[in-house]
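So you can see what is in the structure, the chains are spelled out below.
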Amino acid sequence: MGMKDQFQDKSEQWQEQAKQRAQQGKEQAQRGKEQPQRGKQRDEETERLLNEEQDRLDQDYDA
């Protein structure tokens, strides 16, 4: 497996984990265990992490 494949696999794993965490946060917010502001903060954090990972992946392909 080449480096490109390894980076892509790792990126996909991180994206999936971020999506799962976002879904868990949404479910907890719906149950009333979290304040709406915290749920929004988690969504922003997840979005930021996804963007950073996509930037890393794009840099790998550019190299």
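Whatever comes next refers back to the structure up there.
Caption draft 1: Expanded view of the overall build of the chain. Within the chain one finds 2 helices and 0 strands. Counting all 63 residues of the chain, 14% fall into the buried class. Carbon and sulfur atoms form 43% of the exposed surface of the chain, whose accessible area is close to 5300 Å².

Caption draft 2: Expanded view of the environment of Q8. Relative to the helices and strands, Q8 resides in helix 1 (residues 3–30). Overall, the relative accessible area of 28% leaves Q8 in the partly exposed class. Sequence separation between Q8 and R56 is 48 residues, and the spatial gap between their C-alpha atoms is 10.0 Å.

Caption draft 3: Spotlight on helix 1. An ideal rise of 1.5 Å per residue puts 40 Å on 28 residues; helix 1 measures up with 41 Å between its terminal C-alpha atoms. Within helix 1, the full set of buried residues consists of S11, A18, A22 and G25.

Caption draft 4: Inspection of the pattern of salt bridges at higher detail. Following the criterion strictly, the structure yields 4 salt bridges and no others. A salt bridge links R48 to E52; the nearest nitrogen and oxygen atoms lie 2.4 Å apart. Of this pair, R48 and E52 are both found in helix 2 (residues 36–62), 4 residues apart, which corresponds to roughly one turn of the helix. Here R56 makes a salt bridge to E52, at a shortest N to O gap of 3.9 Å. Of this pair, R56 and E52 both sit in helix 2, 4 residues apart, which is roughly one turn of that helix.

About the criteria used
Residues numbered from 1 in each chain as written. Predicted model: local features only at pLDDT ≥ 70, side-chain atom pairs only at ≥ 80, totals over all residues. Heavy atoms only, no water. Helix = DSSP H or I, 4+ residues; strand = E, 2+ residues; numbered from the N terminus. Buried < 20%, exposed > 50% of the residue type's maximum accessible area, 1.4 Å probe, protein only. Areas by Shrake-Rupley, 256 points an atom, 1.4 Å probe, with all protein chains shown as cover. Expected span 1.5 Å × (residues − 1). Salt bridge = Lys/Arg side-chain N within 4 Å of Asp/Glu carboxyl O.

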